[in-house]
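# Reading the structure
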Amino acid sequence: MQADKQKYYRMAYCYVKNEHDALDIVGDAVYKGFKDLHTLRQPEYFTTWMTRIVIHAAIDFLRKNSRCTACEDDVLETAAVPEKALTPEDTLDIYAALDALNERDRSGVVLRYFEGYFFPEIADILKEPVPAVKSRLYRALKKMRILLEKGVSGKSRIRERKSMSRSQSRKNWIG
């Protein structure tokens with residue numbers, strides 16, 4: 001449990017975008033995990049089992065506290081996504097697009113791209129067949145791409161940057 005506590009925190013944080021709520025969710029999930037540890041049939045799947053508990057705890061928390069979540073200033077420091085080429089505005093757009101997804105789609109994206117799980121592991125966690133996980137994930141990515149191109153926050157930064165870079169490259173090529 002101790003070895004994966006940061007992973008569980010990041011998972012919860014991706015859902016609630018609040019440090020204190022994420023810590024509460026992880027605490028609740030750890031309590032539920034220890035309380036129901038006797039129900040775990042195969043100890044080698046402990047991490048998968050706990051990840052599922054954290055996801056369900058985060059979703060339950062969001063349902064109970066259905067309110068708007070403000071993005072904290074330190075979101076870039078606490079999220080574990082490599083964002084070397086992204087500006088802070090792009091990062092916020094990605095999180096907004098992620099928030100626009102439904103719970104199952106968001107879970108797949110977070111597990112694959114934030115936590116680095118592979119499709120069979122995600123299928124075990126979400127209790128779905130691998131082909132269903134793949135198609136759900138690709139549909140979610142397509143939805144996110146559309147949202148990002150439209151501009152989640154009302155302004156399309158990605159489209160602006162693409163057109164700017166094209167015009168700059170033409171200018172550099174011409175002369």
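Residues numbered from 1 in each chain as written. Predicted model: local features only at pLDDT ≥ 70, side-chain atom pairs only at ≥ 80, totals over all residues. Heavy atoms only, no water.

### A short note on the overall build of the protein
What the protein contains, in helices and strands, is nine helices and zero strands. Overall, the protein shows an N-to-C arrangement of helices and strands of α-α-α-α-α-α-α-α-α. Burial statistics for the protein: of 175 residues in total, 37% are counted as buried. When contacts within the protein are restricted to residue pairs at least 6 apart in sequence, those whose partners lie at least 24 apart make up 61%. Of the roughly 10,900 Å² of accessible surface on the protein, a fraction of 55% belongs to carbon and sulfur atoms. (Helix = DSSP H or I, 4+ residues; strand = E, 2+ residues; numbered from the N terminus. Buried < 20%, exposed > 50% of the residue type's maximum accessible area, 1.4 Å probe, protein only. Contact = heavy atoms within 4.5 Å. Areas by Shrake-Rupley, 256 points an atom, 1.4 Å probe, with all protein chains shown as cover.)

### A short note on the packing of aromatic side chains
Evaluated as defined, the whole model comprises four aromatic pairs. A ring pair is formed by Phe46 and Trp49, whose centres lie 6.1 Å apart and whose planes are at 45°; its orientation type is tilted. Pair noted here: Phe46 and Trp49 are both in helix α3 (residues 46-64), with a separation of three residues, about one helical turn. For the pair formed by Phe46 and Trp49, the shared burial category is buried. Residue placement shows Arg112 over the ring face of Tyr113; its charged tip is 5.6 Å from the ring centre. (Phe/Tyr/Trp six-rings, centres within 6.5 Å; stacked < 30°, edge-to-face > 60°. Lys NZ or Arg CZ within 6 Å of the ring centre and 35° of its normal.)

### A look at the side chain of Arg106
Residue position: Arg106 is located in helix α6 (residues 103-114). An unpaired buried charge is present at Arg106: no salt bridge exists, and Asp99, the closest side chain of opposite charge, is 4.5 Å distant. Aside from chain neighbours lying at most four places away, what touches Arg106 is Tyr15, Leu62, Leu98, Asp99 and Leu101. (Lys, Arg positive; Asp, Glu negative; His and termini not counted. Salt bridge = Lys/Arg side-chain N within 4 Å of Asp/Glu carboxyl O.)

### Brief notes about the pattern of salt bridges
When their charged atoms lie close together, side chains carrying opposite charge are able to pair. Scanning the model with the defined rule gives eight salt bridges in all. Here Asp99 and Lys17 are joined by a salt bridge, their closest N and O atoms 2.8 Å apart. Of the two residues, Asp99 sits in helix α5 (residues 88-100) while Lys17 sits in the loop between α1 (5-16) and α2 (19-35), which places them 82 residues apart along the sequence. Judged by its relative accessible area of 33%, Asp99 is partly exposed. We note a salt bridge from Arg104 to Glu128, for which the minimum N-O separation is 2.1 Å. Taken together, the positions of Arg104 in helix α6 and Glu128 in the loop between α7 (119-126) and α8 (130-150) put the pair 24 residues apart, joining distant regions of the chain.

### Thoughts on the nonpolar core
In terms of nonpolar packing, the biggest core is built from 42 residues, with Leu98, Val109 and Leu111 touching the most fellow members. If you list the elements that add at least two residues to this core, you get α1, α2, α3, α5, α6, α7 and α8. Counting residues per element, this core draws most heavily on α3, which supplies ten residues. Not counting residues within four places of it along the chain, the set of residues in contact with Leu111 comprises Met11, Thr51, Ile55, Gly116, Tyr117, Ile122, Ile125 and Leu126. (Core = buried A, V, L, I, M, F, W, Y, C linked by side-chain atoms within 4.5 Å.)

### Details of the environment of Met50
Among the structural elements, Met50 can be located in helix α3. Met50 sits in the buried class, given a relative accessible area of 0%. Linking Met50 and Phe34, residues 16 residues apart in sequence, is a C-alpha distance of 9.7 Å. Other than its neighbours up to four places away in sequence, Met50 contacts Met1, Tyr8, Ala29, Val30 and Gly33.

Note that all results are geometric; they support no functional claim without further evidence.
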